[in-house]
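Coordinate inspection notes
One letter stands for each residue in the lines below.
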Amino acid sequence: MSLVDIASKINNCVENLELAAARVYIEENLNVLQEHKNLLSKNARELLDILIELQDEGNKPLSRKDLAILNTINTYARNFDMRGLKVIIKENPELLLRKEVPAYFNSDAKIILEGMGIFK
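Thresholds, definitions, all that
Residues numbered from 1 in each chain as written. Predicted model: local features only at pLDDT ≥ 70, side-chain atom pairs only at ≥ 80, totals over all residues. Heavy atoms only, no water. Helix = DSSP H or I, 4+ residues; strand = E, 2+ residues; numbered from the N terminus. Rg over C-alpha atoms; globule rule 2.2 N^0.38 Å. Buried < 20%, exposed > 50% of the residue type's maximum accessible area, 1.4 Å probe, protein only. Contact = heavy atoms within 4.5 Å. Lys, Arg positive; Asp, Glu negative; His and termini not counted. Charge placed at Lys NZ, Arg CZ, Asp CG, Glu CD. Domains from an automatic or database assignment. Axes fitted to C-alpha atoms, helices over the stretch in contact; angles between N-to-C directions. Parallel < 35°, antiparallel > 145°, perpendicular 65-115°, else oblique. Left-handed = near helix turned anticlockwise from the far one by under 90°. Nonpolar A, V, L, I, M, F, W, Y, C, P; charged D, E, K, R; others polar.

**Quick notes on the overall build of the protein**
What the protein contains, in helices and strands, is eight helices and zero strands. When the helices and strands of the protein are read in sequence order from the N terminus, they spell out α-α-α-α-α-α-α-α. A globule of 120 residues ought to have a C-alpha radius of gyration of about 14 Å, yet the protein, at 18 Å, is considerably larger. Across the 120 residues in the protein, those meeting the buried criterion constitute 31%. For the protein, restricting intrachain contacts to residue pairs at least 6 apart in sequence, the fraction spanning at least 24 positions comes to 57%. Across the protein, the centroid of the 16 positively charged side chains sits 7 Å from that of the 18 negatively charged ones.

**Re the domain arrangement of the protein**
Looking at the protein, the domain boundaries give domain 1 (3-57) and domain 2 (64-116). On a C-alpha basis, the centroid separation for the pair domain 1 and domain 2 is 30 Å.

**Some thoughts on the packing of helix 2 (residues 19-28) against helix 4 (residues 42-56)**
Axis angle and axis distance: for two packed helices, these are the angle between their axes and the distance between the axes, and together they describe the pair. Contact pair helix 2 / helix 4: the axes reach a minimum separation of 10 Å and the direction vectors enclose 60 degrees. Our classification of the angle between helix 2 and helix 4 gives oblique. The interaxial crossing formed by helix 2 with helix 4 has right-handed handedness. Where helix 2 abuts helix 4, its residues Leu19, Ala22, Arg23, Ile26 and Glu27 lie against Ala44, Leu47, Leu48, Leu51 and Leu54. Of the residues contributing to the contact of helix 2 with helix 4, the split by class is eight nonpolar, no polar and two charged.

What follows is the structure, encoded as structure tokens:
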């Protein structure tokens, strides 16, 4: 696929608010797109800049498995299932150490995890 085709797909995805698909295209072609930002629309360039910044900080994107774990934590917290919550936290401590993770929690999970001393 040519660079122009990739850029047009990214622009279409961003225009249609399919940001997950746009992110995949950008991550697969990050090095090439850094050199040819002019082919992207303004919003696509903003997304590219955010992804470059995250990569420079050493952050890896959350995988589907990570998102499923965070969703499970939210469900356990909503149902106040402390046993399930403790088990999933014990099995995935490295996920909870990531700085962007607290943004994915609902209010119940934030309150319970703060009470448990997981984060402040």
